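Notes for the structure review
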Amino acid sequence: MKRPRGSEDDGPDDIPESSRVRDVQHRSDGGMDDPILKPEHRIFLSHSGAQKDHFVEILCEDLERYNRFPFFDKRPASLPKGGSFPELIRTAIQDCQMAVVVVSDEFLMSEWPMIELDGFVQRRLKEEKQKSETMLKIVPLFYGLSLKDLENPENISKWYKQWEVFAKNDEGIDISSWKVSFGELIRFNGIEFKSRTTDLKVFREEIVKQICKEIPADVKWDDSHVQGGSKLCQVIEEAISRIQPSERYGVRVVGVYGVGGMGKTTLCNLLCNRFCEKSDVKSSHVELGSKSSGKLLKKVLKDLTNTDQDFVKGLDEGKCWNLLKNSCKQRIFLAIDNVWPDSKSLEEAKKYLNNLDFHEESVVIVTSRVEGTLTSLGVRKEDCFAMPSLEEEDATNLFLYHATSGNQALNDNDKQAIRECIRLCYFSKGKWNDRHYLPLALKALGLQLGNRFGKRPSEWVMALQDVRDFNHRQDKENPVFDILRTSFDSLRSTEQDLFMDLVRFSPNELFAVEEFYSEDSEEWDEVEQPLSSVLGLMGWLALVHNQSLENIGIRVQRLKERGLVEDVDMGAQEVYMHDLYREFANLEASGKLKDLDFEERKWAYYKDSNPTELLEMTPSPGCWQNLTRVGVVTDWVGNRPLSLEGIEWTNMSNVVVLKLCFNRWAAPFTGNLDLKGLRCLKSLELFNYSPRNTLDGLQDLKHLVYFKWHNTVESKEVFLRKLPASLKVLVLDGKKISLGSGVFDLCSNLAKLQLRNCGAGNLDFRNRPSLKHLELFRLHHVSEGVSKLSLDGLQDLRKLTVFRWKQFDDRNDPRDHYLGAVFSHRLQCQLPESLQVLEIVENVSLRSDVFARCTKLSEVYLRLCRAESLDLRNCTSLESLEIYELDERKDKSFVEITETSLYGLQGLRKLTVFRWKQSVDGRYYPRDHYWEELKGEFYHRLQCQLPESLQVLKIMENVSLRSDVFARCTKLSELKLRNCRAASLDLRNCKSVHIVELGRVKWLRTLSGLSSSAATLKTLKVYGCDSLDGISGLDQMVGLRILELRNLCVFGNPRLSDLGCLTNLEELHLDGSDVELGEEDVCVLASLPRLNPVGVGKGMSPTYVDGSSKFSVDVKRRKVLKRDRWWRWVERDLGELPVSCGTDEVWDTGDFAPP
C-alpha cells in the first residue's frame, strides 16, 4: 500500500520518526528489552525535489524497515516545524557517517543540493588531510545521469552557468569550491541505475543492502535508567584493550562473573550500544535461557548479517548455523550472556564460540555467575573479571529512579533517609570488607517503597522494617529471590541439604579464642593468636555426610560452580557466601519462600520464635518423614524464654542435625530434651540449654558423631555420664558442666576433644588410641597441690593445647591474681612422637626433655610457662617456634640461644621471642618493675646465625643480637625487632625481604644491606633508634609503599629530593626526625603519583590510634593538615620553606597557632 505524502497527513499507521522516538522512550520503564532510537542521524539522504516523492521517500522507508533512520527533509525529526533549516542541515552534514547523494540533472541545477554536496566533499577532504581514523562515506546514486554524462563538457558548462546565477544572489556561495567538490564526486564508488536493464525496486534493494553493510542499526537498548553505565563499560573496555586474542578462538574473549542481580545482562546491553556506534562493527546480545535456542540463533543471524527475517523463518538450526558462519566476515561484538554450568547451557555457548568464523578484530564477552563456568569454556583465567560494582552515588540514583519514577528533585534533608534505605542493598560477598550494592535489590526496594509509601524519603525510613525482606512472596514486584532460586532448585536433594548445612545448620563459631594484646600497642598490633577451633566447617560436614574431607571439598566446589558460593578456602575450612544467598537460606529453611505443608518440609528453622509446628502439630504416621534438620535459635535479650515444653521428640526420629541455641544474656530454654527418640541424630549442638539433672538418652544415640554443648547461664551443676561409642568430636564449655567418672569409657572412636571451663576430676585418657586432638582450657576442680598431666597411651596425638589450667581455689580469681602464683601443674612426661602442634599458655612447668621424641613437631607456642631449658635438637620438623614471656628461673645470669640449641632446625620458618622474662627471687613482677630492676641490661643473647630457612623473625624486648645474625637468612621476608640491642645489622644476604620494622633498637648505629631487597621491600618502619645515623641505599628502594622514619634524633639520611624514584610510595612519616623539607623536596614528593599527605611533627605520642600523624603535609596542594579535637582534618597553607619535619612548633603556627 502506497503511503500518503507529506507529514501533515500522517495518520495512526504512519508515525513520523520523531513521534516514533518519543513513543519508544515513553514506554521505557527500566525493563531489560526496551529499544531506543539514537538522536543523531548516521545517514544523510541528499536529493533534489524532482526525485523526492517517487524515489527518495520510498528509499527512506526501506531503510527505516531495517532500523536505519536517515536525515530526510520530509521527516519532522530531521527538519522540525519552526526550526532553522539551514542550520539543521549544516549540523547534519557534519554529524552523519554516510552521505547518500542522488545525482541527477535536477540535483546539479539546484542550489541547496549543491550546498549539501559541497559540505560533504569539503568535510571529506579535510578528514583525509588530517588522516582521521573515521571518514565520511560518500555514496553517489547515479539516477538519470551516468558517469559519461558527468564528464560531458556541454553538461558541465550548463551547470557552471547555473551556479554563477546562484552566486550572484548569494554571496556565501564559493563557485571554486563547488567545482572542486563536483570534480571529486566521480572518484567515489557509487551505484548506477540502468533503466533498461534494472528494475527500480531492485535498485533500491541493492542500495539498502550496501548501506546496511556499512551503517549499524539506529535502534538500541534503552539505557536511560542505567546509573553508572559509562563507568561499568569503561572498566570492561579497558580490560578488553589489555587482553590478547585467545589461542583457542582467535579473537579477544573476556569473561565477566557475578551473583544474580549484579547487572551482567545490563552490562551486555550497554556494551552492545557502545559497539554499535562504531560503523564497522555489528553487535548482538544472546541471553541464554531467555528464548529457545532456535529463536536466539535467528536473532543473532539478523543482528550480525542483516539477513531477511522472512527468509530466516523457514530455516532449521543447522542451516542457520551454516549461514551465520559463512556470512559473518566483518568485525563483530558478541555477548554470550547468562551461561550456566549445566551441559545444555555450556554446549549452546560453545556453539557460538566454535561455529563462527570470527574476524580477527572481533570481541566476545561471556557472562556467568561463577568464574569456573567461564574457564570451562576455554576463557583464560586472567581474562575473567568480577562484575564491576556500583558506587554509592550511582546506587542512590538507581534507587531514586525506581522509587520516584525518575523524579529526583529532593531536598538535602532527604539524603540521610535515602542513605539508610540503600544500606539494605549493600551486601557482603562473604569476605571481610568486600561489599557491593546489588542493582536488582535497589530496583526492587525502590519500587516497593515508591509504590506503597509515596515519594517522601522520610516515610520510606519509617517503613523500612515492613519491607526488610523485600516482600519475597511477590516475585512480580521483587524478583530477587526468584532469581536466586533458579540456582538452588537445579541442585539434587543431597546438595540442597549440603547448602542448608553450610548456611543454616552448621555449628555456631567455636568458642572465641583468647585475644592477647601487647601492653604497648603504639608500634605493634596484637600478639598473634595460637589457639584454633577443634573442628572446621568442612570437618563437620564430612562427619554429618559421612564422607571424606576431599569429597566434601568437591561437593562444595560444585556449589561454587552453581553460583551459590562465592569462594572456598579448604586450607582454612572457610566458605564465603553472598549475603543474599544467606538470606535466601534463612527464608527457605523457615518455610517462607514456598507454601509447603509442614509434612513436606525437610528443614525447620525458627529464629526468635517458638517452634509452633513442633509444639502444636501431630505427624501422620508416627513421625515427620521428610524432616532431617531442625534449628531453634534466638537473639532475644530479656526475659522471653523459648519453650520446648510439649515437643514430642520421638516425632523427629529422622532428624540428622539438631541445634538449640539461645542468646547468653537472655533467659534459657524451658522444657526438657529427651534424646532417646532421635535415633538418626548425628550432630547435636546446645547453646545455653540447662537440663534439670543430666541429658536423658545421650548414651543411646548410636549414630551421634558430633556433640557440642556451650552453657554460660547460671544453673545448678549438670553431670555428664557415659557418652556413646559412635562419638568422634566432643566440645564442652561451661562452668556448670562436670564430667562424671568414666565419661569416656565407651568412646573408642573419639578423635577430637575440647574441654573449656568444665569441672573435671582425674581425666583418664588411657585406652583412647583414637584421640588426635586434645585441648584443655581453664579446667577446675583439680585437687590442691601440684597436678600432673600424663599422656600415656595417646600414641596418635597430633595436637595438644593446655590453656590457663586453674586450681579449684583460683576458679573465680582474675588473671592477674593467679599469674603471681607458683607453677602448680607439671607436664611430667616426654611428649609422644606423633605430636605435630603444641600450645601451652600459663601456669605449666615443662621438664627439660619434654621434646626428646618430637621428631614430627612442626609448631610450638609457649606463653607464661616455666622451663629450666629448651632442648629442641630432635625437633627436625619444626617450622614455627613462638616463645612469649617464658620464665627461665635463672637469677641475674645470661641465657643464650646458641648454634647448639638451634642445631637441626633446618626447616624453621618462623621464630618469635616476646618479652623473655627472668624471675627475681623466684617471683614475677610487672613489666615496669623488672625493667627498672634490670636497669637496661640485656640478659638474653641470640648468639648464633639464624638458619637459612627462616622467613619470619619477631623479637620483642630483652634480647641482644650479634651483628652477623642474618648472614644465612636468604629467605627472610619479615623482620620485626623492638626493645632489643644491636650495634649493627647487616641484611645484605636477605634478598627477598618485604617488611622491616625496627623499634627502639638500642645502640643501633648502622643498618646496611637493605638495597639487596630494593625490588621486594614494601614496608620500612624505623622509630626511636637514637643512635642510627642513616640508612644506606634508601633512594634505591623502588618497591617501597610505606616508609616511616619516626623519632630519629641524629638521622643523617639523604635529602627528600633524592626520593623521586620511589614511584610506588604511598605513606611517608617523618614525625620527630631531623629531616628538612625544602622547596625542591616538595616538588619532588608532589611528583610521586601515589603519595598521601606526609606525616610530620612530634608530640607526646607521635601517632594517633589509626596510625596517622598529628600533622601532615599535602605536598600536591601545598597544605598543612592538622587533626582537631573532633578528629577532623583542618588545613592551612604550607607557608615559607625550608622547615624541619620533626617539631610541632614549626607546624603549629599561622592559622594553627594556639589562642
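What counts as what
- Residues numbered from 1 in each chain as written.
- Predicted model: local features only at pLDDT ≥ 70, side-chain atom pairs only at ≥ 80, totals over all residues.
- Heavy atoms only, no water.
- Axes fitted to C-alpha atoms, helices over the stretch in contact; angles between N-to-C directions.
- Helix = DSSP H or I, 4+ residues; strand = E, 2+ residues; numbered from the N terminus.
- Parallel < 35°, antiparallel > 145°, perpendicular 65-115°, else oblique.
- Left-handed = near helix turned anticlockwise from the far one by under 90°.
- Contact = heavy atoms within 4.5 Å.
- Nonpolar A, V, L, I, M, F, W, Y, C, P; charged D, E, K, R; others polar.
- Phe/Tyr/Trp six-rings, centres within 6.5 Å; stacked < 30°, edge-to-face > 60°.
- Buried < 20%, exposed > 50% of the residue type's maximum accessible area, 1.4 Å probe, protein only.
- Lys NZ or Arg CZ within 6 Å of the ring centre and 35° of its normal.
- Expected span 1.5 Å × (residues − 1).
- Pairing = 2+ DSSP bridges.
- Disulfide = S-S within 2.5 Å.
- Salt bridge = Lys/Arg side-chain N within 4 Å of Asp/Glu carboxyl O.

Two packed helices can be described by the angle between their axes and the distance between those axes. Where helix α2 (residues 52–65) meets helix α9 (residues 200–214), the closest approach of the two axes is 10 Å, and the angle between their N-to-C directions is 45°. Classified by the angle between their axes, α2 and α9 sit oblique to one another. Helix-helix and strand crossings are classified by hand; for α2 and α9 the assignment is right-handed. Packed against α2, whose contacting residues are H54, F55, I58, L59, D62 and L63, the element α9 presents L200, F203, R204, I207, V208 and I211 at the interface. For the contact of α2 with α9, the residue count by class is 9 nonpolar, 1 polar and 2 charged.

For the coordinates displayed, the defined rule picks out 23 aromatic pairs. Judged by centre distance (4.8 Å) and plane angle (85°), the rings of F598 and W624 are edge-to-face. Note that F598 is positioned in the loop between α25 (579–589) and β16 (603–607) and W624 in the loop between α26 (612–616) and β17 (629–634), a separation of 26 residues in sequence. Looking at F598, the relative accessible area reads 6%, which means it is buried. Residue classification places W624 among the buried positions, given a relative accessible area of 3%. Within the aromatic cluster, the residues linked to one another by ring pairs are W159, Y160, W163, F166, W178 and F182. The ring of Y160 carries K179 above its face, with NZ or CZ at 4.5 Å from the centroid. The cationic tip of R756 hangs over the ring face of F777; the distance from NZ or CZ to the ring centre is 3.8 Å.

Let's shift gears to helix α17 (residues 392–403). Taking 1.5 Å per residue, 12 residues should reach 16 Å; α17 reaches 16 Å between its end C-alpha atoms and fits that length. Across the 12 residues that make up α17, a large majority, 9, are buried. Of all the positions in α17, only D394, A395, T396, L398, F399, L400, Y401, H402 and A403 are classed as buried.

Taken together, the 5 strands give an open sheet; going across it, the order is β8-β9-β10-β7-β11, and neighbouring strands pair in parallel fashion. Only two strands of the sheet have a single partner each, and these edge strands are β8 (282–287) and β11 (384–386). Taken pair by pair, the neighbouring strands of this sheet meet at an average axis angle of 15°, ignoring direction. By the bridge criterion, 6 bridges tie strand β7 (residues 252–257) to strand β10 (residues 363–368) in an arrangement that is parallel. Looking at the pairing, V254 lines up with I365 of β10. Docked against the sheet, helix α10 (residues 229–242) engages β7, β10 and β11, running at close to 140° with respect to β7.

For the pair helix α22 (residues 493–505) and helix α23 (residues 537–544), interaxial distance at closest approach is 11 Å and the crossing angle is 130°. In terms of orientation, α22 lies oblique with respect to α23. Between α22 and α23 lies a crossing of right-handed hand. From α22, L498, D501, L502 and F505 reach across to α23, where they touch L537, W540, L541 and V544. A per-class count over the contact of α22 with α23 returns 7 nonpolar, no polar and 1 charged.

We now examine the state of the cysteines. Under the definition given, this model contains 0 disulfides. There is no disulfide at C268, and the cysteine sulfur nearest it, in C272, is 6.9 Å away.

Among the 5 residues of strand β24 (residues 752–756), 4 are classified as buried, and the element is accordingly described as predominantly covered. Here β24 pairs with strand β25 (residues 773–777) via 5 bridges, running parallel. Note on β25: the bridge partner recorded for K752 is H773.

All right, on to the pattern of salt bridges then. Applying the stated criterion across every chain yields a total of 42 salt bridges. E128 is the salt-bridge partner of R187, the closest N and O atoms lying 2.9 Å from each other. Highlighted residues: R187 in the loop between α8 (175–185) and β5 (191–192) and E128 in helix α5 (residues 111–130), separated in sequence by 59 residues. Among the residues examined, E128 registers a relative accessible area of 27% and is labelled partly exposed. Put simply, R124, E128, E184 and R187 are held in one network by salt bridges that share partners.

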